[in-house]
Amino acid sequence: MKRNYLYAASAILIWSTMAAVVKLLLTGLPSLEALAVSSFFAFLLLLAINLRGRAQAMRRWPLRDYMTVAVLGFVGLFLYSALYYYGLSQLSSQEACILNYLWPIMLVIFSSVILKERMTPIKAAAMLCSFAGIVVLSIGGGSGSGNRTSGMLSCVAAAACYGLFSVLNKKAGKDQTVTMMTVWLTTGVCALAAGLITETWTPITGMQWLGLLWLGSACNAAGYLLWALALNGAENTAAIANLAYLTPFLSLAVSAVLLKEKPRAHMIVALVLIVGGILLQQIWDQRRSKAPAFDP
């Protein structure tokens, strides 16, 4: 169990740096350029891992499966990341990170629609609690320098995309190591194509290369693998899974250090409401079914 908690803690610490690193990168790079390069780094690392131990699994996949996962990747990680990066460019990293954690509530909504899971009163209350967090965040004022309204709408749309991806990915039931490799390749190709059409790309400097390498290899690839290892070897999956909700709180601290963004009281209240709604729904589900929480 100590090893599992170590894996989980490592993943959480890595993910907590994502918003601040992306925000720093976007001060000098167009968003789709940063997304394309970091996605290719993630793909290359996952490709190396798959070739080392899962080459047979890759060969067993028919072309139809790769195409299905590519579509999931377009919706779930290309659109999600593009919208989230835009939100980060318009808001403070703390605000964008808080809104990003709406995706588990979006997952509940899409699960009700697509997987026909029952919408219980507790789930509805959890949704209202989390959406109240959006209201608190929107009326509290922000420290970002861009268009606040479009930034918030973009982050909420990003959370919806990732929630939809999580449901469709669960329904597809494919090998996750091969799936994530394909998804990041799709994201990189789509970001490259869209970026070359809509943006003027700039040369990448040494520190920016390090940031992109960290974002792609650590946040996008290694973080997910460490999290999978933590969950797969855990005796109490729910206890490990719920640790993921430390990420946005740690992200506020990382942004305060790296970006000098001071957390405001309304941000903390909004985050507590959003995460509180998620935990309310998950704890209720666990008590009813005695099953582990959905992997965040």
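In what follows, the structure referred to is the one given above.
Because the structure is predicted, anything quoted here is derived from the model rather than measured. (Residues numbered from 1 in each chain as written. Predicted model: local features only at pLDDT ≥ 70, side-chain atom pairs only at ≥ 80, totals over all residues. Heavy atoms only, no water.)

Caption draft 1: Fine view of the side chain of Ser-251. Secondary-structure assignment places Ser-251 in helix H13 (residues 247-258). Overall, the relative accessible area of 2% leaves Ser-251 in the buried class. Setting aside chain neighbours within four positions, we find Ser-251 in contact with Ser-16, Ala-19 and Cys-97. (Helix = DSSP H or I, 4+ residues; strand = E, 2+ residues; numbered from the N terminus. Buried < 20%, exposed > 50% of the residue type's maximum accessible area, 1.4 Å probe, protein only. Contact = heavy atoms within 4.5 Å.)

Caption draft 2: Broad picture of the environment of Leu-246. With respect to the helices, strands and loops of the structure, Leu-246 is situated in the loop between helix H12 (237-241) and H13. The exposure class of Leu-246 is partly exposed, given its relative accessible area of 44%. Note: C-alpha distance between Leu-246 and Ile-12 (234 residues apart in sequence) is 7.3 Å.

Caption draft 3: How the structure looks around the environment of Ala-82. Mapped onto the elements of the fold, Ala-82 is located in helix H5 (residues 63-90). Those residues in contact with Ala-82 that lie beyond four places of it in its chain are Leu-32 and Leu-35.

Caption draft 4: Here's a closer look at the packing of aromatic side chains. This structure, assessed with the given rule, holds seven aromatic pairs. Members of the aromatic cluster, connected to one another through ring pairs, are Tyr-80, Tyr-84, Trp-103, Tyr-162 and Phe-165. (Phe/Tyr/Trp six-rings, centres within 6.5 Å; stacked < 30°, edge-to-face > 60°.)

Caption draft 5: Focus on the side chain of Asn-50. Take Asn-50: it is sitting in helix H3 (residues 31-53). Looking at Asn-50, its side chain comes within polar contact range of the main-chain oxygen of Thr-177, at 3.4 Å. Look past the residues within four positions of Asn-50 in its chain and what remains in contact with it is Ala-55, Met-58, Thr-177, Val-178 and Met-181. (Polar contact = N/O pair within 3.5 Å; in protein donor to acceptor, adjacent residues only side chain to side chain.)

Caption draft 6: Structural context of the packing of helix H2 (residues 18-25) against H5. Packing of H2 against H5 leaves a shortest axis separation of 9 Å and a crossing angle of 70 degrees. Viewed along their axes, H2 and H5 adopt a mutual orientation that is roughly perpendicular. Contacts from Met-18, Ala-19, Val-22 and Lys-23 in H2 reach Tyr-84, Tyr-85, Leu-88 and Ser-89 in H5. Residues belonging to the contact of H2 with H5 are distributed by class as follows: six nonpolar, one polar and one charged. (Axes fitted to C-alpha atoms, helices over the stretch in contact; angles between N-to-C directions. Parallel < 35°, antiparallel > 145°, perpendicular 65-115°, else oblique. Nonpolar A, V, L, I, M, F, W, Y, C, P; charged D, E, K, R; others polar.)

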